[in-house]
Amino acid sequence: MDEIFAYTAENWGRNQAEKYLEQIWDTFGRITADPKRWRLRDDVHPGCRICHSGRHAVLYRIHKGRVEVARVLHDAMDFKRHLTAGSFDFE
């Protein structure tokens, strides 16, 4: 999130960076309110779900009744390449 903020602030200004991060945080809220709304993307990683927010994608899973966010990636990135074997190892 820090990198997203810094990049956005540098290219579009601090106000836009604050708005954009607020939008991503709102997306986290939408995910936690209805985590099964977004389809499974087992092709990316077993149990992975993806919710887009602006030009970024939140990659998460539902595990033991809670939402676990693995990464927030730019939508042009290769998601599989940026998820390592341990991306969802939170325990």
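Predicted, not measured: the structure shown is a model, and the values here were computed from it. Per chain, the residues get numbers from 1 upward, laid out in the order the sequence is written. Totals for whole chains, interfaces and linings use all residues, but because this is a predicted model, local features are given only for residues with pLDDT of at least 70 and pairs of side-chain atoms are given and counted only at 80 or more. Note that the side-chain values use all heavy atoms of the structure and ignore hydrogens as well as water.

Chemist: Give me unusual backbone geometry: which residues, what numbers.
Modeler: At Lys 64, a residue that is not glycine, the phi angle is positive and equals roughly 55°. Turning to its location among the elements, Lys 64 is positioned in the loop between β2 (56-63) and β3 (66-74). Counting from the N terminus, the helices are DSSP H or I runs at least four residues long and the strands are E runs at least two residues long.

Chemist: Which residues make up the pairing of strand β1 (residues 49-53), and what values go with them?
Modeler: Most of β1 is tucked away, with four of its five residues classed as buried. If DSSP finds at least two bridges between two strands, the strands pair. Bridging between β1 and β2 involves five bridges; their strand directions are antiparallel. Within the sheet, the bridge partner assigned to His 52 lies in β2 and is Ala 57. Counting the residues in the hairpin turn of β1 and β2 gives two residues, including Gly 54, whose phi is positive at 60°. Think of it in three bands: residues with accessible area under 20% of the maximum for their type are buried, residues over 50% are exposed, and the middle band is partly exposed, with areas taken using a 1.4 Å probe on protein chains only.

Chemist: Which residues make up the packing of helix α1 (residues 2-12) against helix α2 (residues 14-33), and what values do they have?
Modeler: The contact between α1 and α2 brings their axes to 7 Å, and the two run at 145°. The chirality of how α1 crosses α2 is right-handed. Across the interface between the two elements, Ile 4, Phe 5, Thr 8, Ala 9 and Trp 12 from α1 touch Arg 14, Gln 16, Ala 17, Glu 18, Tyr 20, Leu 21 and Ile 24 from α2. Looking at the contact of α1 with α2 residue by residue, the classes come out as eight nonpolar, two polar and two charged. Axis definition: a line fitted to C-alpha atoms, limited for helices to the stretch in contact. Angles are taken between N-to-C directions and run from 0 to 180 degrees. The handedness criterion is simple: a crossing whose near helix is rotated anticlockwise from the far helix by less than a right angle is left-handed, and one whose near helix is rotated clockwise is right-handed. Residue contacts follow a heavy-atom distance rule, with two residues in contact if any of their heavy atoms lie within 4.5 Å. Residues are grouped as follows: nonpolar covers Ala, Val, Leu, Ile, Met, Phe, Trp, Tyr, Cys and Pro; charged covers Asp, Glu, Lys and Arg; every other residue, Gly included, is treated as polar.

Nothing here speaks to function; it is all geometry.
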